[in-house]
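Remarks on the overall topology
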There are 2 protein chains.
Amino acid sequence: MLPFSRVSIIGMGLIGSSLARAVRAKMPTVALTVHDADHAVRERVRDLDLADDVADTAGAAVIDADLVILAVPVLAMMKVAASIADDLPAGCVISDTGSVKASVLSDLSEVLPEGVSIVPAHPVAGTEKSGPDAGFATLFDGRWCILTPAASADVLAVERVREFWTRLGATVEVMDAAHHDMVLAVTSHLPHLIAYSIVGTASDMESVTSSEVIKYSAGGFRDFTRIAASDPVMWRDVFLSNKDAVLDVLQRFTEDLTALQRAIRWGDGEFLEALFTRTRAVRRGIVDQGQDTDAADFGRKH
Amino acid sequence: MLPFSRVSIIGMGLIGSSLARAVRAKMPTVALTVHDADHAVRERVRDLDLADDVADTAGAAVIDADLVILAVPVLAMMKVAASIADDLPAGCVISDTGSVKASVLSDLSEVLPEGVSIVPAHPVAGTEKSGPDAGFATLFDGRWCILTPAASADVLAVERVREFWTRLGATVEVMDAAHHDMVLAVTSHLPHLIAYSIVGTASDMESVTSSEVIKYSAGGFRDFTRIAASDPVMWRDVFLSNKDAVLDVLQRFTEDLTALQRAIRWGDGEFLEALFTRTRAVRRGIVDQGQDTDAADFGRKH
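Source: prediction; values computed, not measured. Throughout, residues of each chain are indexed from 1 in the direction in which the sequence is written. Whichever chain is written first becomes A and whichever ligand is written first becomes 1, with later ones labelled in order. At least 70 in pLDDT is required for a residue's local features to be given in this predicted model, at least 80 for side-chain atom pairs to be given and counted, and no such filter applies to totals for whole chains, interfaces and linings, which use all residues.

**Topic: the overall build of chain A**
Comment: elements are numbered from the N terminus, with helices defined as DSSP H or I runs of at least four residues and strands as E runs of at least two. Looking only at helices and strands, chain A features 12 helices and nine strands. Restricting the calculation to C-alpha atoms gives the radius of gyration, and the globule rule supplies 2.2 Å times the number of residues raised to the power 0.38. Expected size for 302 residues packed as a compact globule is a radius of gyration near 19 Å; at 21 Å, chain A falls within 12% of this value. Seen along its three principal axes, the alpha-carbon backbone of chain A occupies a region of about 65 × 40 × 35 Å. Between the buried cut of 20 or more and the exposed cut of 12 or fewer other C-beta atoms within 10 Å of a residue's own C-beta lies the partly exposed class, and all C-beta atoms are placed from the backbone. Residues counted as buried form 55% of the 302 residues belonging to chain A. Contacts here follow a simple rule: the backbone-placed C-beta atoms of the two residues must lie within 7 Å. For chain A, long-range pairs separated by at least 24 residues make up 75% of all intrachain contacts whose partners lie at least 6 apart in sequence.

**Details of the interface of chain B and chain A**
Contact with chain B, which involves 95 residues of that partner, is made by 95 residues of chain A. Listing elements by their share of the side of chain B that touches chain A, those giving two or more residues are helix H7 (177–203), helix H8 (210–215), helix H9 (221–227), helix H10 (232–241), helix H11 (243–265) and helix H12 (269–288) of chain B. Of all the elements, H7 of chain B adds the most residues to the side of chain B that touches chain A, at 19 residues. Split by residue class, the side of chain B that touches chain A holds 47 nonpolar, 28 polar and 20 charged. All residues other than Ala, Val, Leu, Ile, Met, Phe, Trp, Tyr, Cys, Pro, Asp, Glu, Lys and Arg, Gly among them, are scored as polar; the first ten of these are nonpolar and the last four charged.

**Overview of the sheet that holds strand S9 (residues 171–174) of chain A**
Residues and elements named next belong to chain A. One bridge is not enough; two strands pair if DSSP finds at least two bridges between them. The mixed open sheet is built from three strands, whose spatial order is S7-S8-S9. On the outer flanks of this sheet lie strand S7 (121–123) and S9, each paired with one strand and no other. Strand after strand, the sheet turns through a mean of 20 degrees between neighbouring axes, direction not considered. Axes, fitted as lines to C-alpha atoms, cover a helix only where it is in contact. Angles between the N-to-C directions of the axes lie from 0 to 180 degrees.

**Side note on the domain arrangement of chain A**
Residues and elements named next belong to chain A. Here the limits of each domain have been adopted from an automatic or database domain assignment. Taken domain by domain, chain A comprises domain 1 (6–175) and domain 2 (179–299). Summarising the inter-unit geometry, the C-alpha centres of domain 1 and domain 2 are found 30 Å apart. Here the side of domain 1 that touches domain 2 is built from residues that sort into seven nonpolar, five polar and two charged.

**Remarks on the pairing of strand S1 (residues 6–10) of chain A**
All names here are of chain A. When you tally the buried positions in S1, you get four out of five residues, the bulk of the element. In the sheet, S1 pairs with strand S2 (residues 31–35) via five bridges, with the strands oriented parallel. Residue pairing across strands places Arg-6 opposite Ala-31, the latter belonging to S2. One crossover worth recording links S1 to the parallel S2 by way of helix H1 (residues 14–26), and it is right-handed. Bridge count for S1 against strand S4 (residues 67–70) is four bridges, and the pairing is parallel. Crossover handedness is defined by viewing with both strands directed away from the observer: a clockwise path from the first strand over the helix to the second marks the crossover as right-handed.

**Section: the environment of Lys-129 of chain A**
All names here are of chain A. Within the secondary structure layout, Lys-129 lies in the loop between S7 and strand S8 (144–147). Take Lys-129: there are 19 C-beta atoms within 10 Å of it, and that puts it in the partly exposed class. Spatially, the C-alpha atom of Lys-129 lies 27 Å from that of Asp-107, the residues being 22 residues apart in sequence.

**Regarding helix H6 (residues 155–167) of chain B**
Residue and element names in this part refer to chain B. The end-to-end C-alpha distance of H6 is 19 Å, a good match for the 18 Å that 13 residues give at a rise of 1.5 Å each. For H6, the complete set of buried residues consists of Ala-157, Val-158, Val-161, Phe-164 and Trp-165. All buried residues of H6 lie within an arc of 120 degrees about the axis, which places them on one face of the element. Opposite the buried face of H6, by more than 90 degrees, sit the exposed residues Val-155 and Leu-156. In the segment just after H6, Gly-169 is the residue with positive phi, at about 105 degrees. Expected helix span is given by 1.5 Å per residue-to-residue step, counting one fewer step than there are residues. Read the arc as the range of directions from the helix axis to the C-beta atoms.

**Topic: the relation of the copies chain B and chain A**
Mapping chain B onto chain A is achieved by rotating through 180 degrees and translating by 0.0 Å along the same axis, at an RMSD of 0.0 Å. The operation mapping one copy onto its partner corresponds to a two-fold rotation axis. Considering only C-alpha atoms, the residue of chain B closest to the rotation axis is Asp-223 of chain B, which sits at 3.5 Å. When you check the interface residues of chain B against chain A, 100% turn up at the interface there too, and the contact is symmetric in its surfaces. Here the copies are matched by least squares. The fit uses the C-alpha atoms of residues with pLDDT of at least 70 in both.

**Comments concerning unusual backbone geometry**
In this model, Asp-49 of chain A sits at a positive phi of 55 degrees, which is unusual for a non-glycine residue. Of note, Asp-49 of chain A is situated in the loop between helix H2 (39–48) and strand S3 (53–54).

**Digging into the environment of Asp-86 of chain A**
Here Asp-86 of chain A shows up in the loop between helix H4 (77–84) and strand S5 (93–96). When the C-alpha positions of Asp-86 of chain A and Gly-59 of chain A are compared, they lie 7.9 Å apart, and in sequence the two are 27 residues distant.

**Description of the pairing of strand S8 (residues 144–147) of chain B**
Residue and element names in this part refer to chain B. Of the strand pairs in this sheet, strand S7 (residues 121–123) and S8 are connected by three bridges, and their pairing is antiparallel. From the neighbouring strand, His-122 faces S8, where its bridge partner is Ile-146. Pairing of S8 with strand S9 (residues 171–174) involves four bridges; the strand directions are parallel. Its bridge partner lying in S9, Cys-145 is registered against Val-172. Note that the unit made of S8, H6 and S9 has a crossover that is right-handed.

**A few points about the sheet that holds strand S6 (residues 117–118) of chain B**
Spatially, six strands are ordered S3-S2-S1-S4-S5-S6 (chain B) in an open sheet, and the strand pairing comes out parallel. Of all the strands in the sheet, just strand S3 (53–54) and S6 of chain B have a single pairing partner and so form its edges.

**Concerning the packing of helix H7 (residues 177–203) of chain A against helix H11 (residues 243–265) of chain A**
Residue and element names in this part refer to chain A. Interhelical geometry of H7 versus H11 gives an angle of 65 degrees and a closest axis separation of 9 Å. In this structure, H7 crosses over H11, and the sense of that crossing is right-handed. Within the contact between the two elements, H7 uses Asp-181, Met-182, Ala-185, Val-186, His-189, Leu-190 and Leu-193 and H11 uses Ala-245, Val-246, Val-249, Leu-250 and Phe-253. Partitioning the contact of H7 with H11 into residue classes produces 10 nonpolar, one polar and one charged. By definition, turning the near helix anticlockwise from the far helix through less than a right angle yields a left-handed crossing, and turning it clockwise yields a right-handed one.

**Quick notes on helix H4 (residues 77–84) of chain B**
Every α-helical turn comprises 3.6 residues, leaving residues that sit three or four positions apart pointing alike. Residue and element names in this part refer to chain B. By the burial criterion, the buried members of H4 are Met-77, Val-80, Ala-81 and Ile-84. Taken around the axis of H4, the buried residues stretch over an arc of 100 degrees, which confines them to a single face. Its buried side turned inward, H4 meets strand S1 (6–10), helix H3 (58–62), strand S4 (67–70), strand S5 (93–96) and helix H5 (102–111).

**What about the confidence of the model for chain A?**
All names here are of chain A. Every residue is assigned a pLDDT by the predictor, reflecting its confidence on a scale from 0 to 100. Residues of chain A with pLDDT of at least 70 account for 96%, and the chain-wide mean is 93. Contacts of residues 298–302 to residues separated by more than four positions or lying in other chains number 13 contacts, the stretch itself having pLDDT below 50. Reported confidences for the modelled complex are a pTM of 0.88 and an ipTM of 0.89.

See the structure below:
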């Protein structure tokens, strides 16, 4: 039996539109209603035929849903949740797809009524593309989806959301929201922050032209530009709402980078080689656990 | 007519063995002699049949060459060059594949005899793999190869090296060695340093386990681990021999990252969004110029 029969998705960007496609593909009998605040996006979603109904307001999209998923930037969650609070059917489950969880859990809890179950979720999947055309049904296949319900959350609601994501192809973990935010600060937020930063630094060099930076980017830089092409508003919100964890790991990173800088300045080759050897082991772990292929993609062909 | 007929390659790692394979594939009539200081590598190269002759000493490998290419870590160049100085035929051309050029040009000039032509080269190509098994003949196809001869270099020798790399599939640029080192500090050396550093930082977290870092690496971190799996000795030498340029761009990067850190601490969303929007344009430039594909590889499937 399907965990939910009437699903509503608010926000039809990369993640929301991938979710819609995945629901259509994996649970075709689900009645699917979607909404996006942007009129042009709604029109595009209609053209792409991604849902049974494209509602013109968020409230209208949720009135008979048994699962509502908010797939909007993290700092927009509270406002969207407040706008649908009066329209939510009693007993419905509210989830989301935000990359930060403690603030979202707190924001949703503040504005949503008693009688709905809040089960925050973070599918650890995405690309550097944005918008409804960028989504695809298999985005969540074999990826992790982390649920961060409050300790007091309804156990059955959590299990239904777990079943929902499992049917979409994801592997579900349940985790404390604060711990999630620290783990993702390391594995996702800091890498994005650094990628954005280095692309900015490279663009601002006076002695090296932008066209040279682009021309010789295959030596490593282009991989950073891919990450730094991700959605600006989504990432602005991630950094602002996971501030403490991001600043903590950023401080550690800066210390480590400063130690490297010192080793270079003083010609400490042993220090450098020891670190560079140690980091190889981490790569092996990632490949061994199927989180990336072993193909030499860094030197990829065109 | 081929630019060279007797080519010698010293060092049979990823780059040297790719060169050997490419010479075999694109200039099959060239007599190819190779050498590696590591006995096991020489045996492997013999098994793989990558050259006409695998010499047991560097000197023996070069005695009748008209082109000698040193494909060894940057700080090993001088010693290797000194060891073959007495065996080099008059009129032969010496080149290399090092990622740093000013120090290599200086080192080679110091130990090589009059009567040989020095034409340093840097093929901007590679993968995160190492060793003779990692090489492939098409590594240089469509990639840049930067030549950095001294102003006093023999023009004909430079043209012959240009022709050599062009036949291997590369597009050749000629550049001042110091400028090369600054360009590559931005596009390659700093990205590698940061990737090594962040992988080290993530491994050292107490509140997040290594297995969690690996498990949730698809959110951005895994791309850094790929770069940070590159050859430790090669990269140690790059940082030590391009110290000034690396420290210069690293200082700029740290300033920019500190500004981002401050924006996060003070909740300056406009600052963040403006940078994140600007960096997208750089990505578009790289895709438009064919230095990477537009495929959403960041969310790659397995």
